[in-house]
Amino acid sequence: MINSDPPTSPAAADQAVDEVVAQGPSGAILLAGIATACVVAMWFAFYLFVFLPRGPLQ
C-alpha cells in the first residue's frame, strides 16, 4: 500500500512491545483511582444528605 509503514523485523516489533510494557499500566491505575474516588464521594454525599438528616434509628 502507498501510505502503509514499511515492514519491520519481528525483533524490532518485540522491542517496541517491551518498551511499552516497561512503562507499566499507569493509565489503567489512574482510571481505577478516579473511579474509586467518585464512588467514595458519592457514598459520602449519600450519607451526609440522606442518612444524617433522617436522624437516629428508633
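Nothing here was measured: the structure is a model prediction, and the numbers come from that model. (Residues numbered from 1 in each chain as written. Predicted model: local features only at pLDDT ≥ 70, side-chain atom pairs only at ≥ 80, totals over all residues. Heavy atoms only, no water.)

Thoughts on a nonpolar patch on the surface
A cluster of nonpolar side chains, namely V40, W43, F44, F46, Y47, L48, F49, V50, F51 and L52, defines an oily patch on the protein surface of about 1000 Å² accessible area. Inspection of the secondary structure assignment puts W43 in helix α2 (residues 26-54). The exposure class of W43 is exposed, given its relative accessible area of 53%. (Patch = residues over 30% accessible without salt bridge, like charges linked within 9 Å, V, L, I, M, F, W, Y side chains within 5 Å. Areas by Shrake-Rupley, 256 points an atom, 1.4 Å probe, with all protein chains shown as cover. Salt bridge = Lys/Arg side-chain N within 4 Å of Asp/Glu carboxyl O. Helix = DSSP H or I, 4+ residues; strand = E, 2+ residues; numbered from the N terminus. Buried < 20%, exposed > 50% of the residue type's maximum accessible area, 1.4 Å probe, protein only.)

Quick notes on the packing of aromatic side chains
According to the stated counting rule, one finds four aromatic pairs in the structure shown. For the pair W43 and F44, a centre-to-centre distance of 5.2 Å together with 80° between the ring planes defines the contact as edge-to-face. Using a relative accessible area of 45% as the deciding quantity, one classes F44 as partly exposed. For the pair F46 and F51, a centre-to-centre distance of 5.4 Å together with 85° between the ring planes defines the contact as edge-to-face. (Phe/Tyr/Trp six-rings, centres within 6.5 Å; stacked < 30°, edge-to-face > 60°.)

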